[in-house]
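Letter by letter, the chains look like this.
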Amino acid sequence: MNDKTSIFLDIAPELSDSEGALRLHDRFLHDENAPLTLRLDGEGLSLQADGQVLRGDFVKMLPRVKPGMPAHEMLVKTAKIKNSEGPLTAVDATAGLGEDSILLAAAGFHVTMFEKNPVIHALLTDALDRAKAVPELAEIVSRMQLRHADSIEGMKNLDFTP
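An account of the accompanying structure is given in this report. Note that this is a predicted model, so its numbers are computed, not measured. (Residues numbered from 1 in each chain as written. Predicted model: local features only at pLDDT ≥ 70, side-chain atom pairs only at ≥ 80, totals over all residues. Heavy atoms only, no water.)

**Details of the overall build of the protein chain**
Tallying secondary structure elements over the protein chain gives seven helices and eight strands in all. Compactness check: the protein chain gives a C-alpha radius of gyration of 17 Å against a globular reference of 15 Å for 162 residues, within 12% of the reference. A burial count over the protein chain gives 38% of its 162 residues as buried. Long-range contacts, defined here as pairs at least 24 residues apart, represent 60% of the contacts in the protein chain between residues at least 6 apart. Total accessible area on the protein chain stands at roughly 9600 Å², and carbon and sulfur atoms take up 52% of it. In the protein chain, 17 positive and 25 negative side-chain charges are present, and the distance between their average locations comes to 7 Å. (Helix = DSSP H or I, 4+ residues; strand = E, 2+ residues; numbered from the N terminus. Rg over C-alpha atoms; globule rule 2.2 N^0.38 Å. Buried < 20%, exposed > 50% of the residue type's maximum accessible area, 1.4 Å probe, protein only. Contact = heavy atoms within 4.5 Å. Areas by Shrake-Rupley, 256 points an atom, 1.4 Å probe, with all protein chains shown as cover. Lys, Arg positive; Asp, Glu negative; His and termini not counted. Charge placed at Lys NZ, Arg CZ, Asp CG, Glu CD.)

**Concerning the sheet that holds strand β3 (residues 37-41)**
Judged by pairing direction, the sheet is mixed, and its five strands sit side by side in the order β2-β1-β3-β4-β5 without closing on themselves. This sheet does not close on itself; its edge strands, each paired only once, are β2 (28-30) and β5 (52-54). Each adjacent strand pair in this sheet contributes to an overall mean axis angle of 40°, direction not counted. Pairing geometry for strand β1 (residues 5-11) and β2, over three bridges, is parallel. Paired with Ser-6 across the strands is Leu-29, a residue of β2. Sheet strands in contact with helix α1 (residues 19-27) are β1, β2, β3 and β4 (44-49), and its direction is about 155° off that of β1. Packed onto the sheet, helix α5 (residues 118-131) meets β1, β2, β3, β4 and β5 and runs at close to 145° relative to β4. (Pairing = 2+ DSSP bridges. Axes fitted to C-alpha atoms, helices over the stretch in contact; angles between N-to-C directions.)

**Quick word on the environment of Leu-45**
Tracing the backbone through its elements, the reader meets Leu-45 in strand β4. Considered as a pair, Leu-45 and Arg-55 are 10 residues apart in the sequence and their alpha carbons are 6.4 Å apart. Beyond its immediate stretch of four places on either side in the chain, Leu-45 contacts Leu-24, Leu-38, Arg-39, Leu-40, Leu-54, Arg-55, Ala-122, Leu-123 and Asp-126.

**Remarks on the pairing of β3**
The element β3 is extensively covered by neighbouring structure, given that four of its five residues are classed as buried. Sheet analysis places β1 next to β3, joined by four bridges and oriented parallel. Residue Leu-9 lies in a different strand from β3, and its bridge partner there is Leu-38. Note that β3 and β4 share five bridges and pair antiparallel. When the bridges of β4 are listed, Asp-41 appears paired with Gly-44. Taking the residues that link successive antiparallel strands as the turn, the β3-β4 hairpin has two residues.

**Overview of helix α4 (residues 99-106)**
Within the span of α4, buried status applies to Ser-101, Ile-102, Leu-103, Leu-104 and Ala-105. Buried positions along α4 lie against α2 (62-65), α3 (74-79), β6 (89-92), β7 (110-114), α6 (135-141) and β8 (144-147). One or two residues past the end of α4 sits Gly-108, with phi positive at roughly 105°.

**Structural notes on the sheet that holds β7**
If you walk across this open sheet you meet the three strands as β6-β7-β8, and the pairing is parallel. In this open sheet, the two edge strands, each paired with only one partner strand, are β6 and β8. Across the sheet, the mean angle separating the axes of adjacent strands is 15° when strand polarity is ignored. Pairing of β6 with β7 involves four bridges; the strand directions are parallel. Note that in β7 the partner of Asp-92 across the bridge is Met-113. Against the sheet, α5 touches β7 and β8, its axis set at about 155° to β8.

This is the structure in structure tokens:
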């Protein structure tokens, strides 16, 4: 039995031997007839269908994560515990493209993210990898850990209590 997800893989020729391309070939089954396309090009990984493009992009979050800004975010205000001691930790049980997680990480949280869907997980992995190369984001994303798992099962194996 093959547990790979079938999808049309479109990898730019100059990236065909890259680590990202090899990872995609390991995780997905190329299907010429699949309605969705995963495209890897110079801008990163994207999901494409019917002229629409979905790509994880933490650079667009820079105005919201620069110093002093996360404290104004409702999510951060809700998650912060006044007078708490020790490192702040959070679990994003449905990580999606990681926008909530990066806000929490920018506010100082160590965030464990769970994403079960293999396509969304791949998009988020790519976004995290690209963000590591951006000086303003590198420290923030270093506090974000992504797990490819169902959060209900995954949280049973955490080494901390969320």
